[in-house]
Every structure is written in structure tokens, then in C-alpha cells.
Amino acid sequence: MTGTSIHLALFNLTQVEQLGAKTRVHVLAVLKPSRDGLIQINPTLVSDPSPYHEITYPLGTVKQPGDGLSLSQDSTITGGLAENHTNTTLQNNITSKRDLQATRTFAVLRMLESGDNPWDLGSLMLNWKTVMGDDVIDWFLPIKRSPCCNHEQSESQFSVGPWVDLLRVKYGFLEPQNVRAGGKRFQRRAGPELSRAKTARRANRSTAVSNVGEASRPTNDSIRLQSLNSHARQ
């Protein structure tokens with residue numbers, strides 16, 4: 001029992017999550033950056049069709065991947081009178097000004113590989129401390145509340161680790177240099193992928209800059225047309 005508890009704490013798992021931990025694939029709702037933020041990270045991904053589902057709060061539409069179509073959600077309770085059903089639907093379709101300002105879009109993403117634990121903080125010591133506490137005294141006298149139960153993170157109810165950052169890098173939600181530091185196991189897995197992501201970001205940015213330059217540069221046809229207009233006016 002003691003060995004199992006230590007193992008679960010080192011990998012930041014619960015007994016339920018331990019079942020099939022190596023083959024399980026977690027699905028997360030990741031906050032999507034604003035359009036301006038996406039343009040700064042990777043301009044090409046803004047124009048491309050999104051390969052994932054999107055959920056926007058307040059609930060109104062769910063965007064499907066690829067085609068950009070949206071399916072309206074009906075949050076009413078069926079089985080009642082038709083008049084009450086219509087009134088409830090109209091009330092749900094009315095979005096207040098405050099709700100419009102608080103709109104958030106989440107992308108539904110699957111972890112990159114089976115066995116990736118979103119709550120693995122990147123090192124065994126960090127996982128141990130988030131369960132047992134920061135002080136050595138707390139490890140042997142577990143009187144205080146466990147840090148993982150504080151729910152002080154605005155990003156998630158429980159703290160997430162660099163595996164989620166690697167997922168965000170793949171879909172252009174995060175710069176590769178902003179990935180949280182991880183242990184040796186994470187560095188071996190993420191090193192090649194982060195290098196490829198950095199190379200792709202540089203290539204996409206240079207392509208975007210060249211396209212802007214070509215768009216702003218006058219073509220030969222436009223120059224020839226301007227010269228003909230000037231001669232005609234003379």
C-alpha cells in the first residue's frame with residue numbers, strides 16, 4: 001500500500017487514473033488565444049481550417065473541424081408545453097452585453113500520445129510536492145491541506161504540466177520557447193518536436209512577411225497601366 005501511494009504521488013495520478021494509464025488518451029478543452037495572439041504565434045494557422053472542435057462560451061454554437069460550419073445547441077428541457085418551450089428557447093438565444101465581453105473559445109484537443117498525463121508537472125519532485133506539500137515536515141506529518149486541493153490555478157482546476165504545453169505548441173496556441181521546463185523524460189520526447197516547431201514558426205513568419213511585401217509592391221502590369229494613363233492625360 002505504501003509503495004502504491006508513493007508511486008501515485010510521484011506521477012501525480014489517482015487510483016482510478018492508474019488503471020490503463022499507459023494506454024489512455026486524455027481529451028482536454030484548451031483555451032484558444034485571441035485572433036491577434038494566433039497571428040503573432042503562427043499567421044498561417046489563422047486562415048487554415050481548424051482540425052478540431054471548438055466550444056464558445058456563453059454556449060451558442062459548436063464549430064465542427066474543417067468546414068467551419070456550426071451546430072446550434074438547444075439547452076431547453078423537452079417534454080413540456082410548446083409555449084414554454086418556445087419562451088425558453090428565445091430566452092436562451094438572447095445574449096447579454098456582459099456575456100459578449102466574457103466570450104471564451106475552447107479547442108477540444110486530444111493528447112499527442114497515449115499515456116501522456118496532463119497533470120504530470122514534468123518532474124517527480126514537483127509531482128510529489130503538489131501532493132504531499134513543500135516542506136519535509138509535511139511529508140511525515142500530513143496535517144495540512146494538500147497543495148493540489150487548493151484549486152488556485154486559473155488555467156485549470158488542477159495544475160497542468162509541460163505535456164499540455166507541447167500540445168498547445170502543436171496547434172499554434174503557444175510559442176515553443178514558452179513551454180514549461182520538464183524532467184529528462186519530457187526533454188527526450190519533446191526536444192525534437194520543439195525544434196521542428198521552432199523551424200516551422202520561422203519559415204511561416206518569413207513566408208508571411210514576403211507575401212505582405214509582394215502584395216504591397218506594385219506589379220509590372222500596374223506600372224505599365226499607370227504610365228499609359230499618364231500619357232493619355234497629356
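Residues numbered from 1 in each chain as written. Predicted model: local features only at pLDDT ≥ 70, side-chain atom pairs only at ≥ 80, totals over all residues. Heavy atoms only, no water.

> Describe the overall build of the protein chain, and please don't skip the residues or the numbers.
Along its length, the protein chain carries 11 helices and 5 strands. Per-residue burial over the protein chain gives 26% buried out of 234 residues. Partitioning the contacts of the protein chain with sequence separation of at least 6, the portion at a separation of at least 24 is 60%. By element, 56% of the accessible surface of the protein chain is carried by carbon and sulfur atoms, the whole surface being about 16,300 Å². (Helix = DSSP H or I, 4+ residues; strand = E, 2+ residues; numbered from the N terminus. Buried < 20%, exposed > 50% of the residue type's maximum accessible area, 1.4 Å probe, protein only. Contact = heavy atoms within 4.5 Å. Areas by Shrake-Rupley, 256 points an atom, 1.4 Å probe, with all protein chains shown as cover.)

> How would you sum up the pairing of strand E5 (residues 104-110)? Please name residues and give values.
Sheet analysis places strand E1 (residues 27-31) next to E5, joined by 5 bridges and oriented antiparallel. Directly across from Val 27, in E5, lies its bridge partner Arg 110. As paired strands, strand E2 (residues 53-57) and E5 are joined by 5 bridges and run antiparallel to one another. Across the sheet, residue Glu 54 finds its bridge partner in E5, namely Ala 107. (Pairing = 2+ DSSP bridges.)

> Provide a residue-level description of the pattern of salt bridges, including the pertinent values.
Inspection of every chain in the model, using the stated rule, returns 5 salt bridges. A salt bridge links Arg 168 to Glu 155, with the shortest nitrogen-to-oxygen separation between them at 3.5 Å. One end of the pair, Arg 168, is in helix H9 (residues 162-170); the other, Glu 155, is in the loop between helix H8 (136-140) and H9, and 13 residues separate them in sequence. You can call Arg 168 buried: its relative accessible area is 19%. By relative accessible area, Glu 155 is classed as partly exposed at 42%. Residues Arg 180 and Asp 165 are paired through a salt bridge, measuring 2.7 Å at the closest nitrogen-oxygen approach. Of this pair, Arg 180 sits in the loop between H9 and helix H10 (184-216) while Asp 165 sits in helix H9, and the two are 15 residues apart along the sequence. Taking the relative accessible area as the measure of exposure, Asp 165 reaches 2% and is therefore buried. Connected through salt bridges with shared partners, the residues Glu 155, Asp 165, Arg 168 and Arg 180 form a single ionic network. (Salt bridge = Lys/Arg side-chain N within 4 Å of Asp/Glu carboxyl O.)

> Give me the environment of Lys 22: which residues, what numbers.
Here Lys 22 is to be found in the loop between helix H2 (15-18) and E1. Judged by relative accessible area, which is 75%, Lys 22 ranks as exposed. In this structure, Lys 22 is in contact with Ser 114 and Gly 115, ignoring residues within four places of it in sequence.

> Before we move on, can you summarise the packing of aromatic side chains with the specific residues and values?
The full count for this structure, using the stated rule, is 5 aromatic pairs. The interplanar angle of 80° and the centroid separation of 5.8 Å between the aromatic rings of Tyr 57 and Phe 106 together place this pair among those described as edge-to-face. You can see Tyr 57 sitting in strand E2 and its partner Phe 106 sitting in strand E5, a full 49 residues away along the chain. In this structure Tyr 57 comes out as partly exposed when scored by relative accessible area, which is 39%. Pairing Trp 128 with Trp 139 gives two aromatic rings, centres 5.9 Å apart and planes at 90°, and the pair type is edge-to-face. With Trp 128 in helix H7 (residues 124-132) and Trp 139 in helix H8, the pair connects residues that are 11 residues apart, well separated along the chain. What makes Trp 139 partly exposed here is its relative accessible area of 24%. Through a chain of ring-to-ring contacts, the aromatic side chains of Tyr 52, Tyr 171 and Phe 173 assemble into a single cluster. (Phe/Tyr/Trp six-rings, centres within 6.5 Å; stacked < 30°, edge-to-face > 60°.)

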